Amino acid sequence: MAKQVTIKSGTTFKTLKAAQEHFSRIREATGLGDRVAEPDKSDVLDVYRRYCAATNWQAEDAVDVTTEWDNRQRAAGNYAQTKAFAVVTASGATSVFSIDKALAAIAV
């Protein structure tokens, strides 16, 4: 059976792929450094917080969401440049995270 994802706004995606495609469209439509508008912002923050809880990762005190280039070194030793979501703290600091990994971690 396919894993489903339900987000804060109440939308249920019948497959993980459908949820990933939904958030990919939001990410691609958001300009670099622009803030994600409601209700999508609340949904991304909800996915981020649930992802951190599911993986026992210390969540940032996020108040907003933007997009940035993620050019961190990958496991294979290479660097990839990918447009990614980043949570924004009250102080304005940003922290990039993978929405695809987050959705996979919270899918049931």
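Structure shown above.
Residues numbered from 1 in each chain as written. Predicted model: local features only at pLDDT ≥ 70, side-chain atom pairs only at ≥ 80, totals over all residues. Heavy atoms only, no water.

Draft legend 1. Layout of the overall build of the protein chain. Counting secondary structure elements, the protein chain contains 3 helices and 5 strands. From first element to last, N terminus to C terminus, the protein chain shows the α and β order β-β-α-α-β-β-β-α. Scaling as 2.2 N^0.38, a compact globule of 108 residues should have a C-alpha radius of gyration of about 13 Å, and the protein chain matches this with 13 Å. With the C-alpha coordinates of the protein chain rotated into their principal frame, the extents come out at 35 × 35 × 30 Å. The 108 residues of the protein chain split such that 36% are buried. Sequence separation of at least 24 residues holds for 52% of the intrachain contacts in the protein chain that already meet a minimum separation of 6. (Helix = DSSP H or I, 4+ residues; strand = E, 2+ residues; numbered from the N terminus. Rg over C-alpha atoms; globule rule 2.2 N^0.38 Å. Buried < 20%, exposed > 50% of the residue type's maximum accessible area, 1.4 Å probe, protein only. Contact = heavy atoms within 4.5 Å.)

Draft legend 2. Region of the structure containing the sheet that holds strand S3 (residues 62–70). If you walk across this open sheet you meet the 3 strands as S3-S4-S5, and the pairing is antiparallel. Two strands lie at the open edges of the sheet, namely S3 and strand S5 (94–97), each paired on one side alone. Ignoring which end each strand starts from, the neighbouring axes of this sheet average 35° apart. Pairing analysis gives 8 bridges linking S3 to strand S4 (residues 82–89), with the strands arranged antiparallel. What sits directly across from aspartate 70, in S4, is threonine 82. (Pairing = 2+ DSSP bridges. Axes fitted to C-alpha atoms, helices over the stretch in contact; angles between N-to-C directions.)

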